[in-house]
Amino acid sequence: VMVQSSFILLLSLGSASAFSPGIRSARRMPAALRMHESGVTCTNEKVTIVGASGYIGKAVVRESVRRGYPTTAVVRDPSKVSGEAKFNGANVVAAEVTEPESLAASPAFKKGEVDIVISCLASRSGMKKDAYMIDYQATLNAMNAAKEAGARHFILLSAFCVAKPWLQFQFAKLDFEEKLTAQTDLTYSILRPTAFFKSLSGQVEVVQGGAPFVYFDLGEGRTATCNPISEADLAVAMIDTISDKSRENSIWNIGGQDDPLSMVNQGELLADVLGKPEAKLLGVPIGLFDAIINSLQGVANAMEMNPHPIVRGWYEKMNDAAEFGRIGKYYAVEDMLTTDPSEKFGQITLREHYSKVAVEGQEYDPYTSMFAKKATAAK
């Protein structure tokens, strides 16, 4: 989810801990589970990944194959990922995660042919309808398919921000987490990453072109702070939970190894990486969000009781626009930060990521990047 991309949200709007495990079903555990080495151990179990075509999903597919697991990647349209290096070595199959019967019929969930199911599903927009369709129902469909197939373990990519929820997608994720932790047919691991490097890369190209780095000023010199994690490091952590018994039936808040980075720190770091003589920073008052959100929500509220189909359509659009604004504000004001050493993981730093993007470019994403140029090649 987004941290820096809050600025993009603002622009577009202006113009428009662990649970106690229950009793789990008995199943013989592979011998490799008795020992675990991060980034190395492979139990040779069969892995199915849903949400495989997403940013983190692709990294998890690649890591699962690298580690030696027989890996099946579930995507809506295999032709769209054909030839992509991150899928080399994986069996790519088609299925519609929003349709239980599609998952049940997929070879990815053939009974007795899957041991581990990993969900990297996440709604794109974060709007209520989208969130409950993907973050809740589609993920629930995948969990149920895992049970029917006889899998033993379910790994969920969640989000650090659900610990302090006030957005629709956060409630959707929490509702699914409750379903997962309440059932007893599967063991589980839930990972809640702080922020992705991609989410902090939205201003690389504009700063590279000479524009200032925009941050949200919370007053008295304060800005939101985070320790983001790279997709490669997060993928290692997710695959680790297959063999790491200490992560079974638990929630893992996870961030990267960087020291806490404020938005000002990020702007200064980016300027240094790009060889700028000094960082050009532009602070935007956080109150700007409130003005936009309140205006949009006010328009939506005025339409709420009108039954006319056209008005209902506009009501939904204004309501979604207000929620979009709340998402932007959330990441502008809330810290996405882990401080416990057990919750800091990986090797790659944000400096290394910025240096790579500055040279190779990055894939354009309307939710995280302003004017990204396409990466030169998959590495």
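If you're wondering where the values come from, they're calculated on a predicted model, not measured in any experiment.

### Some details on the overall build of the protein
Phase 1: Along the backbone of the protein there are 11 helices and 11 strands.
Phase 2: Counting every position in the protein, which comprises 379 residues, the buried fraction comes to 55%.
Phase 3: Accessible surface computed for the protein: about 16700 Å², of which carbon and sulfur atoms make up 54%.

### Re the confidence of the model for the protein
Low-confidence regions, as indicated by low pLDDT, have predicted coordinates that should not be scrutinised in detail.
Phase 1: Per-residue confidence for the protein averages 88 on the pLDDT scale, and 87% of its residues sit at or above 70.
Phase 2: For the stretch residues 1-5, pLDDT sits under 50, and the model shows 26 contacts to residues farther than four places along the chain or on other chains.
Phase 3: In the model, residues 7-28 has pLDDT below 50 throughout and makes 48 contacts with residues more than four positions away in sequence or in other chains.

### Focus on the nonpolar core
Phase 1: Counting 70 residues, the largest nonpolar core has Phe-109, Phe-154, Phe-176, Leu-180 and Tyr-354 as the members making the most contacts within it.
Phase 2: The biggest single contributor to this core is helix H4 (residues 128-149), with 10 residues.
Phase 3: Residues Val-47, Val-61, Val-75 and Cys-120 belong to the second largest nonpolar core, which totals 32 residues.

### Description of the packing of helix H8 (residues 263-273) against helix H11 (residues 350-360)
Between two packed helices, what matters for the description is the angle formed by their axes and the separation of those axes.
Phase 1: The N-to-C vectors of H8 and H11 enclose an angle of 50°; their axes lie 10 Å apart at closest approach. In terms of axis orientation, H8 runs oblique to H11. In the packing of H8 onto H11, the handedness of the crossing is right-handed. Packed against H8, whose contacting residues are Gln-266, Leu-269, Leu-270, Asp-272 and Val-273, the element H11 presents Leu-350, Arg-351, Tyr-354 and Ser-355 at the interface.
Phase 2: Residue composition of the contact of H8 with H11, by class: 5 nonpolar, 2 polar and 2 charged.

Conventions and cut-offs
Throughout, residues of each chain are indexed from 1 in the direction in which the sequence is written. This being a predicted model, a pLDDT of at least 70 is required before a residue's local features are given, and a value of 80 or more before pairs of side-chain atoms are given or counted; all residues contribute to the totals for chains, interfaces and linings. Hydrogen atoms and water are omitted, and side-chain values are computed over all heavy atoms in the structure. For helices the rule is a DSSP run of H or I covering at least 4 residues; for strands it is a run of E covering at least 2, with both sets numbered from the N terminus onward. Throughout, exposure labels follow a simple rule: accessible area from a 1.4 Å probe, protein chains only, divided by the maximum for the residue type, with under 20% read as buried, over 50% as exposed, and the rest as partly exposed. Throughout, the Shrake-Rupley method with a 1.4 Å probe supplies accessible areas, and for residues the shown protein chains are the sole cover considered. Per-residue confidence from the predictor is reported as pLDDT, a score between 0 and 100. What makes two residues a contact is simply this: any of their non-hydrogen atoms within 4.5 Å. Residues enter a nonpolar core if they are buried and are Ala, Val, Leu, Ile, Met, Phe, Trp, Tyr or Cys, with the set joined through side-chain atoms within 4.5 Å. Simply put, an axis is a line fit to the C-alpha atoms, just over the touching stretch for a helix, and the angle between two N-to-C directions goes from 0 to 180 degrees. Should an angle lie under 35 degrees it is considered roughly parallel, over 145 roughly antiparallel, and from 65 to 115 roughly perpendicular; all remaining angles are considered oblique. Each crossing gets its handedness from the near helix: less than a right angle anticlockwise from the far helix is left-handed, clockwise is right-handed. Under this grouping Gly is polar, as are all residues other than the nonpolar Ala, Val, Leu, Ile, Met, Phe, Trp, Tyr, Cys and Pro and the charged Asp, Glu, Lys and Arg.

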